[in-house]
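Each chain is listed here by its residues.
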Amino acid sequence: MKVLLAGASGTLGRFLVPQLLAAGHEVIGTTRGARGADRLRRAGASAVVTDVLDRGALLAAVEGLTADAVVHELTSLTKAPARYGDMEPTNRLRVDGTRNLLEAARELGATRFVTQSMFLGYGFRELGREPLTEHAPFAVPTGARTDPVLAALKSTEDQTLGAGPGIEGIALRYGLFYGGDTGIYADLLRKRRLPVASGRAGSGTLALIHHHDAASATVAALERGVAGRVYNVVDNTPARGAS
């Protein structure tokens, strides 16, 4: 397939581009600057320099191009958010960015759209001991300061899964990324500053996923995922706070 990858020069995009190319797909990566474009071209992809939040600029950038699928991996997280307000730029990418990318997908003639979601949408609270499946309640507001984060995750999923005729939508609920020296959570792990998940009797857990595995799962979802479905993309064993 020919794939427009939004966030191709980001944390996961750097792992996803080579895996897509190795699987035989053609990659058009979006990036906001010349440095990212150069990196993409050196990796074997083509590049579109644009701001996805600028609807007009995005549509102008993809004018005349075609693609079979769009993959949305955009965030604005270069370091771990210290305050809930730090999530606002990423929330906008999940709400406004998803809307703009879906419009671009229609202009490109794409028939498949895969979006990044997160396991944190299940809630920042005690969720019990049983493993959470994709059928568990997701992005339920609680009146807490985390509600805007939940609302943004719900927005990207709802827009993607309800894109309408002609676009098959899939949402991937990733765990926290780690792997090598890449990613904000890898840095926290290395410095032993990753917050410990709390819960009754140390029962709290965090769902993690290595960048390579997350990229591999994304390629699989792009190629074989069922339209209208969401998938949890995490390691087999959650990290327990009592470990």
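Structure shown above.
Residues numbered from 1 in each chain as written. Predicted model: local features only at pLDDT ≥ 70, side-chain atom pairs only at ≥ 80, totals over all residues. Heavy atoms only, no water.

(A) Spatial organisation of helix 3 (residues 55-62). Buried within helix 3 are the following residues: Leu58, Leu59 and Val62. Around the axis of helix 3, the buried residues are gathered within 95 degrees of arc, so they sit on the same side. Structurally, helix 3 contributes buried residues whose contacts are with helix 4 (88-108). (Buried < 20%, exposed > 50% of the residue type's maximum accessible area, 1.4 Å probe, protein only. Helix = DSSP H or I, 4+ residues; strand = E, 2+ residues; numbered from the N terminus. Arc of directions from axis to C-beta. Contact = heavy atoms within 4.5 Å.)

(B) Region of interest: the pattern of salt bridges. According to the stated counting rule, one finds nine salt bridges in the structure shown. Where aspartate 51 meets arginine 32, a salt bridge forms, and the shortest distance between an N and an O atom there is 3.8 Å. With aspartate 51 in the loop between strand 3 (46-49) and helix 3 and arginine 32 in the loop between strand 2 (26-31) and helix 2 (34-43), this residue pair connects regions lying 19 residues apart in the sequence. Look at arginine 32 and you get exposed, because its relative accessible area is 68%. Residue aspartate 96 is joined to arginine 99 by a salt bridge in which the shortest nitrogen-to-oxygen separation is 2.8 Å. With a gap of three residues between them, aspartate 96 and arginine 99 both fall in helix 4, about one helical turn apart. Judged by relative accessible area, which is 21%, aspartate 96 ranks as partly exposed. Residue arginine 99 is classed as partly exposed on the basis of its relative accessible area, which comes to 43%. (Salt bridge = Lys/Arg side-chain N within 4 Å of Asp/Glu carboxyl O.)

(C) Here's a closer look at the packing of helix 4 against helix 5 (residues 147-161). Taken N-terminus to C-terminus, the directions of helix 4 and helix 5 make an angle of 15 degrees; their axes are 7 Å apart at the nearest point. By the criterion of interaxial angle, the relationship of helix 4 to helix 5 is roughly parallel. Remark: the crossing between helix 4 and helix 5 carries left-handed chirality. Each of Asn91, Arg94, Val95, Thr98, Arg99 and Leu102 in helix 4 lies in contact with helix 5, whose residues at this interface are Pro148, Val149, Ala152, Leu153, Ser155, Thr156, Gln159 and Thr160. Considered class by class, the residues forming the contact of helix 4 with helix 5 number six nonpolar, six polar and two charged. (Axes fitted to C-alpha atoms, helices over the stretch in contact; angles between N-to-C directions. Parallel < 35°, antiparallel > 145°, perpendicular 65-115°, else oblique. Left-handed = near helix turned anticlockwise from the far one by under 90°. Nonpolar A, V, L, I, M, F, W, Y, C, P; charged D, E, K, R; others polar.)

(D) Quick look at the packing of aromatic side chains. For the structure shown, the criterion picks out two aromatic pairs. Ring geometry for tyrosine 122 and phenylalanine 138: centres 5.2 Å apart, planes at 90 degrees, overall edge-to-face. In this pair, tyrosine 122 sits in the loop between strand 5 (112-118) and helix 5 while phenylalanine 138 sits in the loop between strand 5 and helix 5, placing the two residues 16 residues apart along the sequence. Take tyrosine 122 and phenylalanine 138: they sit in the same class, and that class is buried. The side chain of arginine 173 reaches across the aromatic face of phenylalanine 138, ending 3.7 Å from its centre. (Phe/Tyr/Trp six-rings, centres within 6.5 Å; stacked < 30°, edge-to-face > 60°. Lys NZ or Arg CZ within 6 Å of the ring centre and 35° of its normal.)

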